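Residue-level structural notes
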Amino acid sequence: MGVNLNEVNPHGVNLNGVLLAVDAGNSKTDVAVLAPDGTVLGAARGGGFQPPVVGVETAVDALAEIVGRAWAEAGGTGLSPAFAHVAACLANADLPVEETALQAELLRRGWSRSVRVHNDTFAILRAGLDEPRGVAVVCGAGINCVGMTPDGRTARFPAIGKISGDWGGGSGMAEEALWFAARAEDGRGEPSELARALPAHFGLETMYALIEALHLGLVPFERRHELTPVLFRVSADGDPVALSLVHRLAEEVVALAAVALGRLGLLEEAAPVMLGGSVLAARHPQLEERIRELLAERAPKAVVGFVTAPPVLGAGLLALDEAAAAPEAAARLREHYGA
């Protein structure tokens, strides 16, 4: 599927040079069709993008349906030959080999001869920056960090779990809280309010009851992430064990940011460190305070910011970067997304 570059949509907008921006996360996908001047001509949303679960071809099939709806909203009908450029920020594009496979599949679809696949963390980073220069740490279900400079250099980590040295993220924090709570109740570990608060969240009285419910599937596995806010609440109430986990997460965030800044040669100059994802965007005071303290030690010139704009904005800005669009185009796109 492609775009007729000579087509004019029903509003009289020439579709020549139209760009495609894709932000495909684990839980949802946003697509935007952009004019070269940053105008959003069409947009669509669909489900999550999970090639490891369904396979690359099937995942891109689902993406194609969303792209088709966005193109239709833009007023396009003819579908030949291509978008001028596709910026695809995709979940599960964690390794270069995965990016290559996804890029090959997108090229095979004929959407464009110019396709750039990024890990979806780059969309969050670019959404938070006025120029493609800085570092982002994203902590949602998992944790990841990427950085970029205007000359095209990037810094990144595999970010595929413990086997790649990762610690943290909402799911990881919930698992750690369960571990400490279990040991607090049975006496192997330090006493902690977590032993009462975690089971109470599910209407249970003891950690033993929660362990049993999780093991037998009475509490579904996917509900474990609900325990992360409980952990932060217990920490805020002064529990030392919970606080130690919050501080450990701050250490991981700062370690990622400092290493990425160092790889890009940005430690000795003022550079943005953008924080995003559900855990960091929640602005937990104890976590934020500790992150700032540790950054002041390891990267004293870093400028902390928080990304609240939708990641598809970042994908769109990456597309405009590739097209060497004027600064006014980026400003127009940011205005559209209220950023």
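Now for a quick tour of the structure. In this text, all values refer to a predicted model and were calculated from it rather than measured experimentally. (Residues numbered from 1 in each chain as written. Predicted model: local features only at pLDDT ≥ 70, side-chain atom pairs only at ≥ 80, totals over all residues. Heavy atoms only, no water.)

Another point: the overall build of the chain. Helices and strands together make up the secondary structure of the chain, namely 13 helices and 10 strands. Against the globule reference of 20 Å for 339 residues, the chain gives a C-alpha radius of gyration of 22 Å, in line with a compact fold. Counting only C-alpha atoms and orienting by the principal axes, one finds that the chain spans roughly 70 × 50 × 35 Å. Residue pairs in contact within the chain that sit at least 24 positions apart in sequence constitute 67% of those at least 6 positions apart. For the chain, the computed accessible surface area is about 15,100 Å², with 54% contributed by carbon and sulfur atoms. One finds the centroid of the 27 positive side-chain charges in the chain at a distance of 2 Å from the centroid of its 41 negative side-chain charges. (Helix = DSSP H or I, 4+ residues; strand = E, 2+ residues; numbered from the N terminus. Rg over C-alpha atoms; globule rule 2.2 N^0.38 Å. Contact = heavy atoms within 4.5 Å. Areas by Shrake-Rupley, 256 points an atom, 1.4 Å probe, with all protein chains shown as cover. Lys, Arg positive; Asp, Glu negative; His and termini not counted. Charge placed at Lys NZ, Arg CZ, Asp CG, Glu CD.)

A few words on the side chain of Arg 334. Examined against the element boundaries, Arg 334 turns out to sit in helix α13 (residues 327-336). Although Arg 334 lies buried, it forms no salt bridge, and the closest oppositely charged side chain, Asp 130, sits 4.2 Å away as judged by the N-O distance. Separated by 3.5 Å, the side chain of Arg 334 and the backbone oxygen of Arg 126 make a polar contact. With residues up to four places along the chain from it excluded, the contact list for Arg 334 reads Arg 126, Ala 127, Gly 128, Leu 129, Asp 130, Leu 313, Leu 317 and Ala 339. (Buried < 20%, exposed > 50% of the residue type's maximum accessible area, 1.4 Å probe, protein only. Salt bridge = Lys/Arg side-chain N within 4 Å of Asp/Glu carboxyl O. Polar contact = N/O pair within 3.5 Å; in protein donor to acceptor, adjacent residues only side chain to side chain.)

On to unusual backbone geometry, then. Positive phi is not limited to glycine here, since Ala 159 has a value of about 55 degrees. With respect to the helices, strands and loops of the structure, Ala 159 is situated in the loop between β8 (154-156) and α5 (169-186). Backbone geometry places Ala 324, a non-glycine residue, at a positive phi of 55 degrees. Given a relative accessible area of 66%, Ala 324 falls into the exposed group.

Formed by 56 residues in total, the largest nonpolar core has its most connected members in Val 137, Leu 198, Leu 249, Leu 287 and Ile 291. With 12 residues, helix α9 (residues 240-263) is the largest single contributor of residues to this core. Beyond its immediate stretch of four places on either side in the chain, Leu 287 contacts Phe 232, Val 246, Leu 249, Ala 250, Val 279 and Leu 280. (Core = buried A, V, L, I, M, F, W, Y, C linked by side-chain atoms within 4.5 Å.)

Attention shifts here to the sheet that holds strand β6 (residues 134-139). Overall, mixed pairing links the five strands, which are arranged β8-β7-β6-β9-β10 in an open sheet. The sheet is open, and its two borders are formed by β8 and β10 (302-306), each paired with just one other strand. In this sheet, adjacent strand axes meet at a mean angle of 20 degrees when their direction is disregarded. Judged from the six bridges that link them, β6 and strand β7 (residues 143-148) form a sheet pairing that is antiparallel. Residue Ala 136 lies in a different strand from β7, and its bridge partner there is Val 146. (Pairing = 2+ DSSP bridges. Axes fitted to C-alpha atoms, helices over the stretch in contact; angles between N-to-C directions.)

Now for helix α12 (residues 311-322). Given a rise of 1.5 Å per residue, 12 residues ought to cover 16 Å, and the 17 Å separating the end C-alpha atoms of α12 matches this to within 8%. Burial of α12 is extensive: nine of the 12 residues sit out of reach of the surface. Directly after α12, the chain includes Ala 324, whose backbone phi takes a positive value near 55 degrees. (Expected span 1.5 Å × (residues − 1).)

Of all six residues in strand β9 (residues 271-276), five are buried, a share of seventy percent or more. Here five bridges tie β9 to β10, and the two strands are oriented parallel to one another. By the bridge assignment for β10, Val 273 is matched with Val 304.

Packing of α12 against α13 leaves a shortest axis separation of 10 Å and a crossing angle of 165 degrees. Here α12 is positioned roughly antiparallel relative to α13, judged by the angle of their axes. Seen from above, α12 lies across α13 with right-handed handedness. Touching Leu 313, Gly 316, Leu 317 and Leu 320 of α12 are Ala 329, Ala 330, Leu 333 and Arg 334, all from α13. Counted by class, the contact of α12 with α13 contains six nonpolar, one polar and one charged residues. (Parallel < 35°, antiparallel > 145°, perpendicular 65-115°, else oblique. Left-handed = near helix turned anticlockwise from the far one by under 90°. Nonpolar A, V, L, I, M, F, W, Y, C, P; charged D, E, K, R; others polar.)

Turning to the sheet that holds strand β4 (residues 85-90), a few remarks are in order. Spatially, β3-β2-β1-β4-β5 is the arrangement adopted by the five strands of the open sheet, whose pairing is mixed. With one partner strand each, in any of the chains shown, β3 (40-47) and β5 (115-119) form the two edges of the open sheet. With strand direction ignored, the average angle separating the axes of adjacent strands in the sheet is 10 degrees. By the bridge criterion, six bridges tie strand β1 (residues 19-24) to strand β2 (residues 28-34) in an arrangement that is antiparallel. Its bridge partner being in β2, Leu 20 is matched across the sheet by Val 33. Packing against the sheet, α12 makes contact with β1, β2, β4 and β5, and its axis sits at approximately 145 degrees to β1.

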